[in-house]
Amino acid sequence: MDFPWWRDAVVYEIYVRSFADASGDGVGDLAGVRRRLPYLADLGVDAVWLSPFYRSPMADGGYDVSDYRDVDPLFGSLDDFDALVTDAHARGLRVIVDIVPNHSSDEHAWFQAALAAPAGSPERARYLFADGGELPPNNWQSTFSGPAWTRLPDGQWYLHLFAPEQPDLNWRDPVVHAEFLDVLRFWLDRGVDGFRIDVAMGLYKAAGLPDTPPEDQAFKAESPIWGRPETHEVYREWRKVLDSYPGDRMAVGEVWTDSAEDLARYVRPDELQQSFNFAWLQAPWSPTAFREVIDDTLATVPSPTWVLSNHDVVRHRTRYDETDPGTGLARAKAALLVMLALPGSAYLYQGEELGLPEVTDLPPGTRQDPIFERSGGELFGRDGCRVPLPWSGTAMPYGFSPDGARPWLPQPVEWAALSAERQAADPGSTLAYYQRALALRRSLRRSLPDGIAWLDSPEGALVFTRGTLTCAINCGPDPVPLPPHERVLLSSGSIHAGTLPPDTAVWLS
Ligand code: GLC
């Protein structure tokens, strides 16, 4: 079957700050990623997605971009980026970069010019400024807590759906369109294979910026704040640019929504190639919930994707542990087999291949996610899934940084047992399991059809076939019989006497 690389790719998210630090300042960087490319090739992924490494004051870990065409010195230089792309390509790995079009940094030249210009000026028209008097222009709340508006000394307010350091751009201004088309070309010319679009369902806000009931301010299909129909025009423009380059360049949207139909609207022949399927990530440990998401997705979304963790959510090992303590790792490994057996592409988050848990007890004073501060410490925020990776050794910094350097977030002592080096030497490790699963998927995938068929499943379990592959998962409390098979190809835990234990999945032929 001949189809573009991204259709069934396994993409590995690199949260650059926390992946590998070559410079020794305690923060991950592009040279660190480059050194670890052999690890990623051995793991067996097809592509990497790099979180933002652009110039940024780092109010939100780089999702506040002050120059979209340069690398922040914290992460290296454009030369480091070019070298990384060249080496990744030489190893057969594609490179996806993040693009952040909903907002810029408040230190971006445009916002600085807007601050210096009067109300009603073209400089202010690139952002969402409004008059409001003593009170903000409307009742919108920031996704990071607190009001979505900040007032300037001259009395005008500006909108920021995230931190005040992330002013929202005004996509009704044609200058904004032209700028981002140029930014896309800048990185495409440097050889990137695709883009991950930050807050892809943002961008446009309803005309008049109306007050909105709190329940409609949540991420949903269409609200005054999210998923405006005009947004799709932007991706049509972007798709034309992507298609004007050779090599199946792609874009995947970060689309938080409450319906598969809405997700599918972004994935069209003249729009994005993919959108993250967060319904899969949000599903509880339940065969009914899993089946519903799978059926909904396959029936609705062309080129489906599957994702369990990323840099914004509690790691799935820990999510699964929350309902039944002690089960998290087994469930995480089982869920992987299901997602890798499904048609479409899968997104992994750095460290899940090591079975890393969320770090829930970061010492006070170390947390850096703006959510923590903005919520007055009520919400922990996302630092717990961003703790730097343990590569080797028995003490901090576990090979993340050169010895003696302090990683930007402290790593737990238990991570000595979870280092990549330790696991690489152990055939029973989570890392070895991920390598086996990815290798097997790679050998099978082009021969498997695009659809699945459900088989009768014992209570608590799910069984489906995809061509010659059978996948079963047991989400219930009791062992269930294995479906008919000739061979066990891979299982996420040990299998005894023809039964599938709880919290275990298997591939059969
Ligand atoms: C996206 C990013 C998240 C960031 C936010 C604002 O959701 O994944 O990390 O904080 O956008 O840019």
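Parameters and conventions
Residues numbered from 1 in each chain as written. Predicted model: local features only at pLDDT ≥ 70, side-chain atom pairs only at ≥ 80, totals over all residues. Heavy atoms only, no water. Helix = DSSP H or I, 4+ residues; strand = E, 2+ residues; numbered from the N terminus. Near = heavy atom within 4 Å. Polar contact = N/O pair within 3.5 Å; in protein donor to acceptor, adjacent residues only side chain to side chain. Areas by Shrake-Rupley, 256 points an atom, 1.4 Å probe, with all protein chains shown as cover. Nonpolar A, V, L, I, M, F, W, Y, C, P; charged D, E, K, R; others polar. Buried < 20%, exposed > 50% of the residue type's maximum accessible area, 1.4 Å probe, protein only. Pairing = 2+ DSSP bridges. Expected span 1.5 Å × (residues − 1). Arc of directions from axis to C-beta. Core = buried A, V, L, I, M, F, W, Y, C linked by side-chain atoms within 4.5 Å. Contact = heavy atoms within 4.5 Å. Domains from an automatic or database assignment. Buried area = accessible area lost by both parts, 1.4 Å probe. Salt bridge = Lys/Arg side-chain N within 4 Å of Asp/Glu carboxyl O.

A. Structural context of unusual backbone geometry. Here the bond from methionine 396 into proline 397 is cis, since omega is 5°, no more than 30 degrees from zero. Inspection of the secondary structure assignment puts proline 397 in the loop between helix H13 (370-374) and helix H14 (420-424). Although it is not a glycine, serine 303 sits at a positive phi angle of roughly 40°. Tracing the chain through its elements places serine 303 in the loop between helix H10 (287-300) and strand S12 (305-307).

B. Just the site of the ligand, in detail. In the vicinity of the ligand there are 14 residues, among which Asp60, His103, Asp198, Glu254 and Asp312 approach most closely. Contacts to the ligand include histidine 103, whose side-chain N or O atom sits 2.9 Å from an oxygen atom. One of the side-chain N or O atoms of arginine 382 is found 2.9 Å from an oxygen atom in the ligand. If the ligand stood free it would expose 310 Å²; the protein chains cover 96% of that surface. Looking at the shell around the ligand residue by residue, the classes come out as 4 nonpolar, 3 polar and 7 charged.

C. Highlighting the pairing of strand S16 (residues 469-474). Counting buried positions over the 6 residues of S16 gives 6, a clear majority of the element. With 6 bridges joining them, strand S15 (residues 461-466) and S16 adopt antiparallel strand pairing. Looking across to S16, one finds that valine 463 is bridged to alanine 472. Following S15, the chain reverses through 2 residues before pairing antiparallel with S16; glycine 467 in that reversal takes a positive phi of roughly 60°. Inspection of the sheet shows S16 paired to strand S20 (residues 504-508) by 5 bridges, in the antiparallel sense. Of the residues in S20, the one forming a bridge with alanine 472 is valine 506.

D. Region of interest: H10. Taking 1.5 Å as the rise per residue, H10 with 14 residues should run 20 Å; its terminal C-alpha atoms sit 20 Å apart, in good agreement. Of the residues making up H10, those classed as buried are Pro287, Ala289, Phe290, Val293, Ile294 and Thr297. Each buried residue of H10 lies within a common arc of 165° when the element is viewed along its axis, so the set occupies one face. Facing away from the buried side of H10, by more than 90 degrees, are the exposed residues Thr288, Glu292 and Ala299.

E. Spatial organisation of the nonpolar core. Among the nonpolar cores identified, the biggest contains 159 residues, and Tyr12, Leu40, Leu50, Phe53, Phe81 and Trp238 are the most heavily contacted of them. In terms of residue count, helix H12 (residues 328-341) provides more of this core than any other element does, 9 residues in total. Setting aside anything within four residues of it in sequence, one finds phenylalanine 81 in contact with Leu30, Leu50, Phe53, Val71, Val97, Trp187, Arg190 and Val192. Membership of the second largest hydrophobic core comes to 8 residues, among which are Ala461, Val463, Leu482 and Leu500.

F. Structural view of the domain arrangement of the protein chain. Splitting the protein chain by domain gives domain 1 (7-100 + 253-437), domain 2 (109-159) and domain 3 (451-508). Domain 1 and domain 3 are separated by 27 Å when their C-alpha centres are compared. Of the roughly 1800 Å² buried between domain 1 and domain 3, counting both surfaces, carbon and sulfur atoms make up 75%. When the buried area of domain 1 at its contact with domain 3 is split by residue, Pro287, Leu337 and Ala341 rank highest and sum to 29% of it. Here arginine 331 ties to aspartate 503 by a salt bridge, and the two come within 2.8 Å at their closest N and O atoms. Along the contact surface separating domain 1 from domain 3 lie 7 residue pairs in polar contact (both at pLDDT 80 or more). Going through the elements one at a time, H10, H12 and helix H15 (430-444) are the ones with two or more residues in the side of domain 1 that touches domain 3. Of the residues forming the side of domain 1 that touches domain 3, the biggest block, 9 residues, is contributed by H12.

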